[in-house]
Amino acid sequence: MKPYPNLSKLIRIGKVTIKNRMFMAPMDTGFGNNAWGGFTKEGVEYFVRRAEGGFGLLFSGGTNGDCVVDGCDGILNHEAEFIQVGRAMNERLNAYGCKMFIQLSMNVGRNGGLKTPSPLPTLGNPGVTTEALTVEEIRTKVEEMGRAAKLVKDAGFAGVDIHALHWGHLLDSFALSLMNHREDEYGGSLENRLRVCREIREAIAKECGPDFPVTMRIALKSYMKGFNQASFDGSEEAGRTLEEAIEICKLLESYGYDGLSTDAGTLDAFYYAMPPAYVPMGFTLDMAAQVKKAVSIPVLCGARMADPDMDEQAIADGLIDAVVVGRQAIADPDFAGKIVAGKPEEVRTCIGCNQGCIWGYFTTGYVGCAVNAEVGHEADWRVTKAAETKKVVIVGGGVAGMEAARVAKLRGHDVTVYEKSDVLGGNLIPAGAHDFKAEVARLNDYYRNEMKRLNVDVRLNAEMTAEALCDSGADAIILATGSVPVMPRSIKGIDHPKTVSGVDALLERKPVGQKVVIVGGGLVGCEIAFGYTKEGREVTIVEALDGIMNTNNVPGMNKSMLLDAFEHYGTKVLTSAHLMEVNDTGAVVMLSDGTQTTLDADNVIMSIGYRPLPSMADQLAGCGARIYEIGDGRQVGNVLTCVRDAFEVARNL
Ligand SMILES: Cc1cc2nc3c(=O)[nH]c(=O)nc-3n(C[C@H](O)[C@H](O)[C@H](O)COP(=O)(O)O)c2cc1C
Ligand code: SF4
């Protein structure tokens, strides 16, 4: 009996058979495709690595189908190269029994200030109105999509996915009555608003024959209150409702689409399109299940679907046909292979942070990952055995120490980890304490399991001195000693029984009452506030700066979701406010106007940051070993910076 029989089962999309039901979601990477949508060397390696990792089907990121109307570059301008690289890549993907669909895009419309069905406020710049497409331009776009699909077929790809009735991109804006005010055959009734979808399907059938499979990416609910406004609890919907989505899916089936790749959200409600960990796992599942009841083509379910047990059950119960996982495929290219092999405990969990992937893409142009430093370097950074075995001593069993140990051990070194407490995990433990951060706890489980699986010598309750380290005979000493919360001694009453550090609160080392003041409105403080608010406590955030989460390090979708949550739940936020004292009543705070007020509180939780633990590096100089200092102990950061430091150092040992 297979451990995950339903996820491991074959599935057919149109006439194409796919070896299992775990598909990688379409994701632009920045490094994977070049400016016109062709695959770079790094891109080929990235996709082939996911094929090797066991995924049945890979979707490419959105690739311009039309490059005439919007005047952009696209695959149709580079036919010979696209075919050459595509065929070579498909040969390698197919060797693993993996298929790939190219996601062909009608382009992003108002999200990029491009033409739309009707004049619309540009996303993020509502003062600028987009231009409406003429009927002739719409027809050109449709024809180009057909021609692009033929090129995709000739390059050896197994099908196309149409981008997309989601995220408020061009096709979505045709379908949404909020965004389509046309009075011709492309506006008005739902059928008219979907006419482009029908014509694209027909154009592809004409160019590629009826058997070349075509799926549609569709958000089953927009979660929009209006332009540039998300509906936090989904109760106000100005975009697509599930009821309308079901009607759309039925029509898409009647137009000949071979499958529906479902998700949610628009860029106006970006935290439902790119859901951070605060959005529950499987939040699209019930909606996809409703669609499945209404159609007979395969229904693929995406967005926060990276829980294999939930997925297996959903397919077993006939709720959906397959899962489309995005970020989990970035975090662990072997996700699908590990599930088919029945080893879910070996999956390196995506922590839903958005830090390296989508936020990396937005801020640097390249996708990375907080837990997988190899992304984008699949060929050249692959961990290989070292020529010579070294004795490696690692001080600290937090995420940086464990990642360094994992990689050093894979390199074949003799690795010992010394951890002064009685458990591995360091700051992953408080960080994974919220119910909405369960994936961080699972990441810790993954690392603990890796330490055992790889036979890393882990010594708990083992505080190392510089002397002991010098005597250890190590060739390399990696200091991964981490950080501790800052507790400003200068504040009156900082030792008051009401004062609790964020870490102690999360670890429940001290009981926390109903009325809570959280000092520090960074991401950690705001997540603590979110957790307590959801539990029904009265929360006030006190932040010294003029805004909360006021740094570019906080992914925009995480921030906007927390801000909307605070508004929804009535969480009080005081900015430009300074904690002066903790006393028997609560927190004495100086407000932005210079006045002081006392906030009634059962507890005052300090979350104003972390500081590195004192370094031993100086004392180790001259002891004969190479010394490395990584993670928070070097510079306070986050999971991403810890993992990157550790990977870089350990892969070169
Ligand atoms: C870096 C990045 C780029 C993305 N690009 C696309 C895209 O080109 N087309 C698309 O349909 N979805 C895109 N998505 C959305 C994903 O396909 C997926 O719906 C989203 O990540 C949520 O699913 P997950 O929880 O499995 O990650 C992108 C997501 C990420 C993280
Ligand atoms: S950066 Fe975070 S959310 Fe993105 S794939 Fe990696 S772990 Fe997942």
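Our structure's up above, just so we're on the same page.
Residues numbered from 1 in each chain as written. Chains lettered and ligands numbered in written order. Predicted model: local features only at pLDDT ≥ 70, side-chain atom pairs only at ≥ 80, totals over all residues. Heavy atoms only, no water.

The local shell around ligand 2 consists of Arg327, Cys350, Ile351, Gly352, Cys353, Asn354, Gly356, Cys357, Cys369 and Ala370. Of the residues that constitute the shell around ligand 2, the class distribution is six nonpolar, three polar and one charged. (Near = heavy atom within 4 Å. Nonpolar A, V, L, I, M, F, W, Y, C, P; charged D, E, K, R; others polar.)

So, on to the nonpolar core. Counting residues in hydrophobic clusters, the biggest one holds 176 residues, and the most contacted among them are Phe82, Leu104, Ile162, Leu165, Ile200 and Leu252. Here Ile200 is in contact with Met106, Val142, Met145, Ile162, Leu171 and Tyr257, once residues within four sequence places are set aside. Counting 14 residues, the second-largest nonpolar core is a separate cluster that includes Val542, Val589, Ala601 and Val604. (Core = buried A, V, L, I, M, F, W, Y, C linked by side-chain atoms within 4.5 Å. Buried < 20%, exposed > 50% of the residue type's maximum accessible area, 1.4 Å probe, protein only. Contact = heavy atoms within 4.5 Å.)

Below, the discussion takes up the site of ligand 1. Neighbouring ligand 1 are 21 residues; Pro26, Gln103, Arg304, Gly326 and Arg327 lie closest to it. One of the side-chain nitrogen or oxygen atoms of Arg217 is found 2.9 Å away from an oxygen atom of ligand 1. Here an oxygen atom of ligand 1 sits 2.7 Å away from a polar atom, N or O, in the side chain of Arg327. For ligand 1, the protein covers 97% of the area, taking 610 Å² as the surface of the free molecule. Looking at the shell around ligand 1 residue by residue, the classes come out as 10 nonpolar, six polar and five charged. (Polar contact = N/O pair within 3.5 Å; in protein donor to acceptor, adjacent residues only side chain to side chain. Areas by Shrake-Rupley, 256 points an atom, 1.4 Å probe, with all protein chains shown as cover.)

A sheet is described by the order of its strands in space; here five strands give the open sequence 17-16-15-18-29, paired in parallel fashion. Every interior strand has two partners, whereas the edge strands, strand 17 (457-459) and strand 29 (626-629), have only one. Between one strand axis and the next, the sheet turns through 15° on average, direction left out of account. Strand direction decides the pairing type here: strand 18 (residues 476-479) and strand 29, joined by four bridges, are parallel. Looking at strand 29, one finds that Ile477 is bridged to Ile627. Sheet contacts for helix 14 (residues 399-410): strand 15 (391-395), strand 16 (414-418) and strand 18; angle to strand 16, the most-contacted strand, approximately 165°. (Pairing = 2+ DSSP bridges. Helix = DSSP H or I, 4+ residues; strand = E, 2+ residues; numbered from the N terminus. Axes fitted to C-alpha atoms, helices over the stretch in contact; angles between N-to-C directions.)

This part is about the pattern of salt bridges. Opposite charge on two side chains permits pairing when their charged atoms draw close. In this structure the tally under the stated criterion is 37 salt bridges. Here Asp600 ties to Lys515 by a salt bridge, and the two come within 3.0 Å at their closest N and O atoms. With a gap of 85 residues between them, Asp600 in strand 26 (residues 596-600) and Lys515 in strand 21 (residues 515-519) connect regions that are remote in the sequence. According to the relative accessible area criterion, Asp600 is partly exposed, its value standing at 47%. You can call Lys515 partly exposed: its relative accessible area is 26%. The network of salt bridges with shared partners includes Arg49, Glu52, Asp334 and Arg382. (Salt bridge = Lys/Arg side-chain N within 4 Å of Asp/Glu carboxyl O.)

Moving on: the environment of Thr585. Looking at the element boundaries, Thr585 is found in the loop between strand 24 (578-582) and strand 25 (586-590). You can call Thr585 partly exposed: its relative accessible area is 39%. Separated by 65 residues in sequence, Thr585 and Ala650 place their C-alpha atoms 50 Å apart. Excluding anything up to four places from it in sequence, Thr585 contacts Lys498, Thr598, Leu599, Asp600 and Ala601.

Turning our attention to helix 22 (residues 639-651). An ideal rise of 1.5 Å per residue puts 18 Å on 13 residues; helix 22 measures up with 18 Å between its terminal C-alpha atoms. Counting buried residues in helix 22 gives 10 out of 13 residues, a clear majority hidden from the surface. Taken together, the buried positions of helix 22 are Val639, Leu640, Cys642, Val643, Asp645, Ala646, Phe647, Val649, Ala650 and Arg651. (Expected span 1.5 Å × (residues − 1).)

Attention now moves to the packing of helix 19 (residues 523-534) against helix 20 (residues 556-569). It is the contact of helix 19 with helix 20, at a shortest axis distance of 10 Å, that shows an interaxial angle of 35°. Here helix 19 runs over helix 20; the crossing is left-handed. Between helix 19 and helix 20, the residues in contact are Leu523, Cys526, Glu527, Ala529, Phe530, Thr533 and Lys534 and Leu562, Ala565, Phe566 and Tyr569, respectively. When the residues that make up the contact of helix 19 with helix 20 are grouped by side-chain class, the tally is eight nonpolar, one polar and two charged. (Left-handed = near helix turned anticlockwise from the far one by under 90°.)

Bear in mind that shape data such as this cannot, by itself, settle questions of function.
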